[in-house]
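Topology and contacts: notes
Listed below are the residues making up each chain.
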Amino acid sequence: MNLRATPLPPHDGQAAWLIRLVDATTPNEVAVVIAAFAQALAGCRDATVAWTSSGLPRAHRSGGAPDHARIGRARARLAQGAQDVVADGPELAVRLLPRERAILLLELERGQAPEPLLAQLRPFLELADAHLHRAIRLADLEDSHEQLVRSEALQRALFAISDLAGSELDMPEMLKRIHGIISSLMYGENFFIVRSDPQRGTMRFLYYADVEDTDAPDTSHDFPLESIRDSMTWHLLTGGKALMGSLEAIRRQVTGTFSPSGPEAIDWLGVPMLRDGQVHGALVVQSYQAGMGFSEEDRALLEFVGSHVLTALERKQSKDELEERVRLRTQELAAANRGLQQEVLERQRAERLQATLFHLAQLATADIDENAFYEQTHAVVGELINAENFFIALLSDDRKNLVFPYYVDAGVRKAQERPLGRGLSEYVLRSGRPLLGFHDDMAALAERGEVDLQRVGRPAECWLGVPLRVDEEVIGLVTVQSYTPSVGYDQADQELLTFVAMQIANSIHRRRAAASLQRAYAELELRVAERTSELRLEITERERIQDQLKHEVMHDALTGLPNRGFLRDRLERVLSILQREPGRRCALLYLDVDRFKVINDSLGHLAGDAFLKAIAQRLHDCVREPDVVARLSGDEFAILLEDVEIPAAAVAVAQRVLAALSVPLQVAGRELAPSASMGIAIGDNSYVTADEVLRDADIALYRAKEQGRNRYELFDETLAKNVVDVLMMEGELRQALQRDEFEPYLQPFCRLGDGAVVGYEALLRWNHPLLGVLGPADFLKVAQDSGHIETIDWRLFERGCERFLQLPDKETFLTFNVSALHLRHGDFDARLVRLLERTGLPPWRLIVEVTEGSLLDNPEQVRTMLERLRAIGVGAALDDFGTGYSSLSYLHSLPLRMLKIDRAFVHALGEDEHTTATTVVAAILALARALGIQVIAEGIETPAQCQALLEMGCELGQGYLLGRPAPIGQWLARERDAE
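In this text, all values refer to a predicted model and were calculated from it rather than measured experimentally. (Residues numbered from 1 in each chain as written. Predicted model: local features only at pLDDT ≥ 70, side-chain atom pairs only at ≥ 80, totals over all residues. Heavy atoms only, no water.)

**Topic: the overall build of the chain**
- Within the chain, the regular secondary structure consists of 28 helices and 33 strands.
- Taking 979 residues into account, the globule formula puts the C-alpha radius of gyration at 30 Å, and the chain, at 51 Å, lies well above it.
- Partitioning the contacts of the chain with sequence separation of at least 6, the portion at a separation of at least 24 is 63%.
- Accessible surface, the chain as shown: approximately 51,200 Å² in total, 52% of it carbon and sulfur.
- Side-chain charges in the chain split into 106 positive and 145 negative, and the spacing between the mean points of these groups amounts to 0 Å. (Helix = DSSP H or I, 4+ residues; strand = E, 2+ residues; numbered from the N terminus. Rg over C-alpha atoms; globule rule 2.2 N^0.38 Å. Contact = heavy atoms within 4.5 Å. Areas by Shrake-Rupley, 256 points an atom, 1.4 Å probe, with all protein chains shown as cover. Lys, Arg positive; Asp, Glu negative; His and termini not counted. Charge placed at Lys NZ, Arg CZ, Asp CG, Glu CD.)

Now the structure itself:
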């Protein structure tokens, strides 16, 4: 049936309806007019208009609420054909706009034919369709405009939040502005922000604004999350999902006990702030006014804004913390700078003092007369302190008079001598202590009767005197004094003058001694002639002794061979020749006698000495002049070949030496077969010092020992590079610990039957900044040799537990390898328990893996430690079973939870010719079942191996076929994909 088929006459009163139609502006108003017009026609019981606007289905029914099921069926009937009208019993579906965007659904009176009704509708619908189309388009445009306005407002809000994170505002002002931004997007008069720490179980109200709540929470510190248990905020932070609505509505959204606190809100909206799936805080708005509520759009908007607010808070907090650290560090540097400046001043003062003392020491031996000596001494003292008025007083030989060999007062040079009295100088001589005095100090001394001021002379404003001592005997004093108030002395000047006085006293004593020596020299000259013949004899004997001492110093006392000092001197001379003659070469053979310590410990030191003498003699017999054989230390020898044309010549000597040493010899009644390891370095003009040649020969010697001893190795650049690489890696390992570059990779344990993951093993990886991800084989030996391995292991244990807890499956277990080094520590289990408490990993989810070799050090201690771990729930697994000692006593005596079959047996499975491996694996499985120990097969790489293990009854496995080691992010993504 086609509505447009035949024209129909206009309906009576149609003009009034058209006026109503023209007045309608929205799609809903147009639909109301169309439905009312249709229902007003005779024979129409009910009319419904349905349309789509802004992507959403909408409808209006003249007789009540729309029946969306009927509307859907009508749309389906129209979509099946090209007719504009489709009848279904008493229902008529009329297409108003193309693609069923708008339809008219009519319900006819019983027995009413559709054609008359449609004839009356047609003229009105021709205008109504166009008007409805324009109204829908206008509504779509208005909705798009509103969406654009909201998007722009949201974008401005996000930009504002981002700008706040980098602003100079303090945290309270920043939070206040965030409140203002939220209020610009929705009703936010009552608003608060909460931060939480899921690791510590704490929370804090960062910001709180509420017009009704007079008991606002404290925003200055953190408090336990459990303190607000069962409140709406607690459910929001622990549930990790948004809550919205009235209290009753929220009560239906949460599980467990619900105990709201504070004023009752009419509408409440809270969204969590998430980071990596964990709740780190929440945003909450609430309304106490009817009509001021929140919609799903508000919830989505607040959730979207929440992630940006969390980022802004974290950035602001990090910025504040960095600024605080910078401030504290600046204070520390300022304090250090002040200390350094003070230290510089002290050092400058010490340098001046040292220069002064050195100058005074030079004066003591200078060839000048006494007057010049005292003048220069005065000048030197004047460089340290004010010495305008300066004198030196000495006690006479009979200690009754005070002699002033040098006295300058007010620029006038004086010379005087007086008997001892009660002056300030005599007081210093009597007390033997320095005196720093002002008027009051001098008056106090006079009151006590220590000095007589009447005999002091012109009174000084400040007087400083220090005694001169020689061998604890006071021989005089040195004094400076000031007659002006502006010039004074302090404790530092006293200390300086005390140091200077010591040197002056020594200088005076030396000059006096020199004078005595000069007097004695004349007497000695008389005896020179008498002693000349005697001295010649003594000189001859001394030269003989010196030659003997030189030989003893440069040769080894036991073997008589040159020692290290002799070799270094000879090698330095040879290298200087090579610098002048670049075409020449030398060679250094560095020897170490193999297993000498065994001989020394077994036969005694006397036998060891005899053995070394024999070795030294054989080495000496293998060379010619001018080559040198030297004993460096203990069982280390060296041979210097001063001129070798090609390296092969040095190799030939090395072969000759090894052959000569290998001949058995008799020592202490025992026949010994000596051998030696040897490193050879070929010297040319590229070497500058003897130490470089010795170093390279030692490197080659070390390689010879590594290769099995009783052999020689020739040094090349590869050996040097390997040594440098080890040193470089040791430094990089220290930096890696500081930068936290070690990361646990998890490899799964799976049930072989269905592939389900039952646990993970934490494996060590190094995120090297230049070389990428490195496995343990690339750095483990260097870490062990350098002593870093235990620190790295504990970092792996803690990071592994933290990463493992991020996995959603709470029934899996975690294992990591524990070396014998850890098991030697008696507190290993206690330290492990503290780690579990710190990370929150339940003990029953952890299994420590030990190898058979690690049990040999102290089996009883290991067993006791594993028992203590089992008592708290931590399991133990025996790793690489079958390749070590495989003692059955371990299986029944140790508290083992798991047994791991070594990959060497697993690799041989699935191959017909390896029946032995199948037999061994089957025996291990039977033994484990008998002891009640769970078995895991390692190294499964092929389906054939997996199938063979299943057929033998092995339930669990691990290997590249089941899953490669990967960081936690990959396993988290896999879990999400699985969900």
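**Here we look at the sheet that holds strand E2 (residues 56–61)**
- Spatially, E2-E1-E5-E4-E3 is the arrangement adopted by the five strands of the open sheet, whose pairing is antiparallel. At either end of the open sheet lies a strand with only one pairing partner, and these are E2 and strand E3 (85–88). Going from strand to strand, the sheet's axes swing by 20° on average, the running direction of each strand aside.
- This element, helix H3 (residues 68–80), spans strand E1 (44–53), E2, E3, strand E4 (91–97) and strand E5 (102–108) of the sheet and lies at about 110° to E5. (Pairing = 2+ DSSP bridges. Axes fitted to C-alpha atoms, helices over the stretch in contact; angles between N-to-C directions.)

**A closer look at helix H16 (residues 647–661)**
- With 15 residues, H16 should reach 21 Å at 1.5 Å per residue; the first-to-last C-alpha distance of 21 Å fits that figure.
- In this structure, the buried residues of H16 make contact with strand E18 (586–593), helix H15 (605–621), strand E20 (636–641), strand E23 (676–683) and strand E24 (712–714). (Expected span 1.5 Å × (residues − 1).)

**Section: the environment of Gly-953**
- Mapping Gly-953 onto the fold places it in the loop between helix H27 (943–951) and strand E33 (956–957).
- Its relative accessible area of 38% is what places Gly-953 among the partly exposed residues.
- Sequence separation between Gly-953 and Ala-926 is 27 residues; the distance between their C-alpha atoms is 9.2 Å. (Buried < 20%, exposed > 50% of the residue type's maximum accessible area, 1.4 Å probe, protein only.)

**Quick look at the packing of aromatic side chains**
- What the rule picks out here adds up to 23 aromatic pairs.
- Between Phe-192 and Tyr-208, the aromatic rings sit 5.3 Å apart at their centres with planes inclined by 25°, giving stacked as the arrangement. Of this pair, Phe-192 sits in strand E6 (residues 190–197) while Tyr-208 sits in strand E7 (residues 202–209), placing them 16 residues apart in sequence.
- The class for Phe-192 is buried, based on a relative accessible area of 4%.
- Note on Phe-205 and Tyr-208: the rings are 6.0 Å apart at their centroids and 85° apart in plane angle, and the pair reads as edge-to-face.
- Within the aromatic cluster, the residues linked to one another by ring pairs are Phe-192, Phe-205, Tyr-208 and Phe-223.
- Of note, Arg-964 hangs over the ring of Tyr-960, and the distance from its end group to the ring centre comes to 4.0 Å. (Phe/Tyr/Trp six-rings, centres within 6.5 Å; stacked < 30°, edge-to-face > 60°. Lys NZ or Arg CZ within 6 Å of the ring centre and 35° of its normal.)

**What to know about unusual backbone geometry**
- With an omega of 5°, the peptide bond running from Glu-625 to Pro-626 counts as cis.
- As for its position among the elements, Pro-626 is in the loop between H15 and strand E19 (628–633).
- The backbone of Asp-276 sits at a positive phi, close to 55°, despite the residue not being glycine.
- A positive phi angle, close to 55°, is found at Asp-471, a residue other than glycine.
- Its place among the elements puts Asp-471 in the loop between strand E16 (462–470) and strand E17 (473–482).
- Judged by its relative accessible area of 72%, Asp-471 is exposed.

**Some details on the pairing of strand E14 (residues 412–419)**
- Pairing between strand E13 (residues 401–409) and E14: seven bridges, direction antiparallel. Along E14, the bridge assignment pairs Val-408 with Arg-413.
- In this structure, the hairpin formed by E13 and E14 is closed by a connection of two residues, where Ala-410 is found at a positive phi of approximately 55°.

**Considerations on the packing of helix H22 (residues 828–839) against helix H23 (residues 859–872)**
- Two numbers describe how H22 lies on H23: the axes approach to 9 Å, and their chain directions differ by 25°. Taken together, the axes of H22 and H23 lie roughly parallel to each other. By crossing handedness, the relation of H22 to H23 is classed as right-handed. Here H22 contributes Phe-828, Asp-829, Leu-832 and Val-833 to the contact with H23, which in turn contributes Met-865, Arg-868, Leu-869 and Ile-872.
- Here the residues of the contact of H22 with H23 are counted per class, giving six nonpolar, no polar and two charged. (Parallel < 35°, antiparallel > 145°, perpendicular 65-115°, else oblique. Left-handed = near helix turned anticlockwise from the far one by under 90°. Nonpolar A, V, L, I, M, F, W, Y, C, P; charged D, E, K, R; others polar.)

**As for the environment of Ser-246**
- Checked against the element boundaries, Ser-246 lands in the loop between strand E9 (243–245) and helix H7 (247–253).
- Ser-246 gets classed as partly exposed once you look at its relative accessible area, which sits at 30%.
- Taking C-alpha positions, Ser-246 is 44 Å from Leu-814, a pair spaced 568 residues apart along the chain.
- In contact with Ser-246, other than residues within four places in its own chain, are Ile-266 and Asp-267.

**What about the confidence of the model for the chain?**
- On average, residues of the chain carry a pLDDT of 83, and 93% of them reach 70 or more.
- Below a pLDDT of 50 lies the segment residues 1–12, which in the model reaches 30 contacts outside its immediate sequence neighbourhood of four places, other chains included. (pLDDT = per-residue confidence, 0-100.)

**What to know about the packing of H15 against H16**
- Contact geometry for H15 and H16: axes closest at 10 Å, N-to-C directions at 145°. Once H15 is placed against H16, the crossing between them reads as right-handed. Together, Ile-615, Arg-618 and Leu-619 of H15 and Val-657, Ala-660 and Leu-661 of H16 make up the contact between the two elements.
- The residue makeup of the contact of H15 with H16, split by class, is five nonpolar, no polar and one charged.

**Examining the sheet that holds E7**
- Read across the open sheet, the six strands follow the order E8-E7-E6-E11-E10-E9; overall the sheet is antiparallel. Both edges of this open sheet fall to strand E8 (223–224) and E9, since each of them pairs with a single strand only.
- Pairing geometry for E7 and E8, over two bridges, is antiparallel. Paired with Thr-202 across the strands is Pro-224, a residue of E8.
- Contacts from helix H5 (residues 171–185) reach E6, E7 and strand E11 (278–287), with the element oriented near 65° to E7.
- Where helix H6 (residues 232–239) meets the sheet, its contacts fall on E6, E7, E9, strand E10 (267–275) and E11, and the angle it forms with E10 comes to roughly 30°.

**Observations concerning the pattern of salt bridges**
- On inspection of all chains with the given rule, the structure shows 38 salt bridges.
- The closest approach of N and O atoms between Glu-713 and Arg-711, which form a salt bridge, is 3.0 Å. (Salt bridge = Lys/Arg side-chain N within 4 Å of Asp/Glu carboxyl O.)

**Regarding the side chain of Glu-761**
- Locating Glu-761 in the fold gives a position in strand E26 (residues 757–768).
- Glu-761 sits in the buried class, given a relative accessible area of 5%.
- For Glu-761, the side chain forms a polar contact with the side chain of Asn-817, separated by 2.9 Å.
- A polar contact is formed between the side chain of Glu-761 and the side chain of Gln-958, at a distance of 2.8 Å.
- Beyond its immediate sequence surroundings of up to four residues, Glu-761 is in contact with Tyr-745, Leu-746, Gln-747, Phe-749, Thr-815, Asn-817, Glu-849, Lys-900 and Gln-958. (Polar contact = N/O pair within 3.5 Å; in protein donor to acceptor, adjacent residues only side chain to side chain.)

**Considering the state of the cysteines**
- A full pass over the atoms with the stated rule returns zero disulfides.
- The cysteine Cys-954 is free of any disulfide, with Cys-946 supplying the nearest cysteine sulfur at 8.9 Å. (Disulfide = S-S within 2.5 Å.)

**Section: the environment of Ala-668**
- On the secondary structure map, Ala-668 appears in the loop between strand E21 (665–667) and strand E22 (670–672).
- Between the C-alpha atom of Ala-668 and that of Pro-467, which follows or precedes it by 201 residues, the distance is 70 Å.

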